[in-house]
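Structure assessment
What follows is each chain in one-letter form.
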Amino acid sequence: MRRAVCPGSFDPVTNGHLDIVGRASRLFDEVIVVVTINQSKNSLFTVEERIDMLRQVTASYDNVRVESFRGLLVDFCRAQQATVLVKGLRAVSDFDYELQMAHMNIGLAGVETLFMPTNPLYSFLSSSLVKDVAKWGGDVSPHVPDVVREALSLRLDPSVRG
Ligand code: PNS
């Protein structure tokens, strides 16, 4: 069984993430989307909320499941018997840090990293940018699934919060 892991903060999941997960699901027998828990990051959504949104938006993929993990990603991969990490690359600016992590992860545990070029439609997209636009009431509907747009409105838009 070829099992891959798609890791990230997913705070929240965007259409860019979903594109990578969907394409990975066609390349591997099973894909585990893992929400990594990083207490030093200020998150808008709790880990449970992020998992819940991810489960809803990946429900149509039979071979995708969603988990969370605190610790080294390679330890998660080992425990899940996953040999490959799948990462989306939006632009050359992503590459430096991703390459460092890829070298570290193969050195630590022999876990390979597969870089997938992000669909150009989403190459400018990030969770941070989406949160900033939503915070000021901008339209994020082209960039996130409906369930995420609604969650962002409830949490961020002052006109919805009242
Ligand atoms: O969505 P993000 O925040 O850009 O994802 C970064 C992530 C989760 C892939 C990275 O921070 C990570 O791998 N964290 C897990 C801890 C770990 O294994 N660190 C060593 C990386 S070489």
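Residues numbered from 1 in each chain as written. Predicted model: local features only at pLDDT ≥ 70, side-chain atom pairs only at ≥ 80, totals over all residues. Heavy atoms only, no water.

Formally: UniProt positions are given in the numbering used here, feature names are shortened, and annotations may be inferred rather than shown by experiment.
The name that an unreviewed UniProt entry assigns to the protein chain is Phosphopantetheine adenylyltransferase, with the source organism given as Micromonospora rosaria. Reading the Subcellular location (unreviewed entry) entry of the UniProt record for the protein chain gives the comment "Cytoplasm".

Things to note about the sheet that holds strand β2 (residues 30-36)
Keep this limit in mind: Pairs of strands are assigned from DSSP output, requiring at least two bridges between the strands. Strands here are runs of E lasting at least two residues and helices are runs of H or I lasting at least four, both read from the DSSP assignment and numbered beginning at the N terminus. The axes used here are C-alpha line fits, helices contributing only the stretch in contact, and every angle between their N-to-C directions lies in the interval 0 to 180 degrees.
Spatially, 5 strands are ordered β3-β2-β1-β4-β5 in an open sheet, and the strand pairing comes out parallel. What marks the edges here is a single partner per strand, and that holds for β3 (64-69) and β5 (112-117). Going across the sheet, the axis of each strand differs from the next one's by a mean of 30 degrees, ignoring polarity. Of the pairings in the sheet, the one linking β2 to β3 comprises 6 bridges and is parallel in character. Across the sheet, V31 pairs through a bridge with V64, a residue of β3.

What about the UniProt feature "binding site: substrate" (unreviewed entry) in the protein chain?
We apply this condition: Each residue is placed in one exposure class: buried if its accessible area under a 1.4 Å probe, protein chains only, is under 20% of its type's maximum, exposed if it is over 50%, and partly exposed if it falls in between. The criterion used for residue contact is that any of the two residues' heavy atoms lie within 4.5 Å.
This chain's UniProt record puts "binding site: substrate" (unreviewed entry) on S9, K41, L73 and K87. Relative to the elements of secondary structure, S9 occurs in the loop between β1 (3-8) and α1 (15-27). We classify S9 as partly exposed; its relative accessible area is 23%. Ignoring any residue separated from it by four or fewer positions in sequence, one finds S9 in contact with V35, T36, K41 and R50. You can see K41 is positioned in the loop between β2 and α2 (47-57).

Some details on the packing of aromatic side chains
Applicable threshold: Side-chain rings of Phe, Tyr and Trp (the six-membered ring for Trp) are treated as a pair once their centres are within 6.5 Å; stacked means planes under 30 degrees apart, edge-to-face means over 60, and tilted covers the remaining angles.
Here the structure, examined in full by the defined rule, presents 2 aromatic pairs. Relative to F76, the ring of F69 has its centre 5.3 Å away and its plane inclined at 50 degrees; by these criteria the two rings are tilted. On the accessibility criterion, F76 (4% relative accessible area) is buried. Both rings, one in F95 and one in F115, keep their centres 5.9 Å apart while their planes meet at 65 degrees; by these two values the pair is edge-to-face. Here F95, found in helix α4 (residues 92-109), pairs with F115, found in strand β5; they are 20 residues apart in sequence, far enough to count as distant. Among the residues examined, F95 registers a relative accessible area of 32% and is labelled partly exposed. Residue F115 is classed as partly exposed on the basis of its relative accessible area of 24%.

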